[in-house]
Every structure is written in structure tokens, then in C-alpha cells.
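# Commentary on secondary and tertiary structure
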Amino acid sequence: MKHCGTQKLETDRLVLRRYVNEDAAAMYKNWASDKEVTKFLTWPVHSSQRVSQNIIDDWVKQYFNENYYHWAIVLKDNGDEPIGDIAVVNIK
């Protein structure tokens, strides 16, 4: 398989794009601070926006890897604010 890394994808309603460091506030506000949402995820609720910032900083550093796939999900009607994310977590 030839890997191409996290590329921007668009549908009529959504944009899947790479995270940027400025996404931490939206991530924390929109889902990472909600224990009802994060109970279904592989990581715990974030205790602060700083936790979200540290995690996004790590994710952004990984985009140089062509086998790294992690997208911020953005509703086109909401501008560029992420409402969630999706990633490939296990590549063999």
C-alpha cells in the first residue's frame, strides 16, 4: 500500500482536514471536555483546554509521516471550527 498521509477531504456538508494548533479551544469546547462523548473514545475527558492543546501539538508534529491519518471534522456551515475528529488508529 502506498501511503499518502492526512489529505483534505470534502463532501457537500463536511470538510476533513489536518488539525492546526489553533483548534484546541474548539476541540475542548465541542467534545473533549464532555464526559458523555469521551466515554466512547480511547482517551479520557480533557481537564482543560491546555490538555487539548498539548494533544493537538503532538498530532500536528506527526503529519510529516505518510502513514499518519488524523482529521478534524468541520461542518461547512460552521466556518472552520472542528466539531469532532476521526483517525486511523492501527495500520498493519
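The structure reproduced in this document is the subject of the present report.

### Brief notes about helix α3 (residues 49–61)
- In this model α3 runs 18 Å from its N-terminal to its C-terminal C-alpha over 13 residues, within 8% of the 18 Å that 1.5 Å per residue would give.
- All buried positions along α3 are accounted for by S52, Q53, I56 and W59. Along α3, the residues classed as buried sweep out an arc of 125° about the axis, all on the same side. Projecting away from the buried face of α3 at angles above 90 degrees are the exposed residues R50 and K61.
- Tucked into the core, α3 has its buried residues touching α1 (24–32), β3 (70–75) and β4 (82–87).

### Comments concerning the environment of I73
- Along the polypeptide, I73 turns up in strand β3.
- For the pair I73 and E10, spaced 63 residues apart in sequence, the C-alpha separation works out to 9.9 Å.
- Other than its neighbours up to four places away in sequence, I73 contacts L14, V15, L16, E81, P82, I83, G84, D85 and I86.

### Remarks on the sheet that holds strand β2 (residues 14–17)
- Pairing is antiparallel across the open sheet formed by four strands, whose spatial order is β1-β2-β3-β4. Among the strands making up the open sheet, the edge pair consists of β1 (9–10) and β4.
- Looking at chain direction, β3 and β4 are connected through five bridges and run antiparallel. Across the sheet, residue W71 finds its bridge partner in β4, namely I86.

### Points about the pairing of β3
- With five of six residues buried, β3 lies mostly within the body of the structure.
- Relative to β3, β2 runs antiparallel, the two being bridged by four bridges. From the neighbouring strand, L14 faces β3, where its bridge partner is L75.
- Linking β3 back to β4 in an antiparallel pair, the connection comprises six residues, with G79 at a positive phi of about 80°.

### Focus: the pairing of β2
- Burial along β2 is one-sided: V15 and R17 are buried, and none of L14 and L16, which face the opposite way, are.
- Summarising the sheet, β1 and β2 pair through two bridges and their orientation is antiparallel. Looking at the pairing, L9 lines up with L16 of β2.
- Linkage of β1 to β2, two consecutive antiparallel strands, is achieved through a turn of three residues.

About the criteria used
Residues numbered from 1 in each chain as written. Predicted model: local features only at pLDDT ≥ 70, side-chain atom pairs only at ≥ 80, totals over all residues. Heavy atoms only, no water. Helix = DSSP H or I, 4+ residues; strand = E, 2+ residues; numbered from the N terminus. Expected span 1.5 Å × (residues − 1). Buried < 20%, exposed > 50% of the residue type's maximum accessible area, 1.4 Å probe, protein only. Arc of directions from axis to C-beta. Contact = heavy atoms within 4.5 Å. Pairing = 2+ DSSP bridges.

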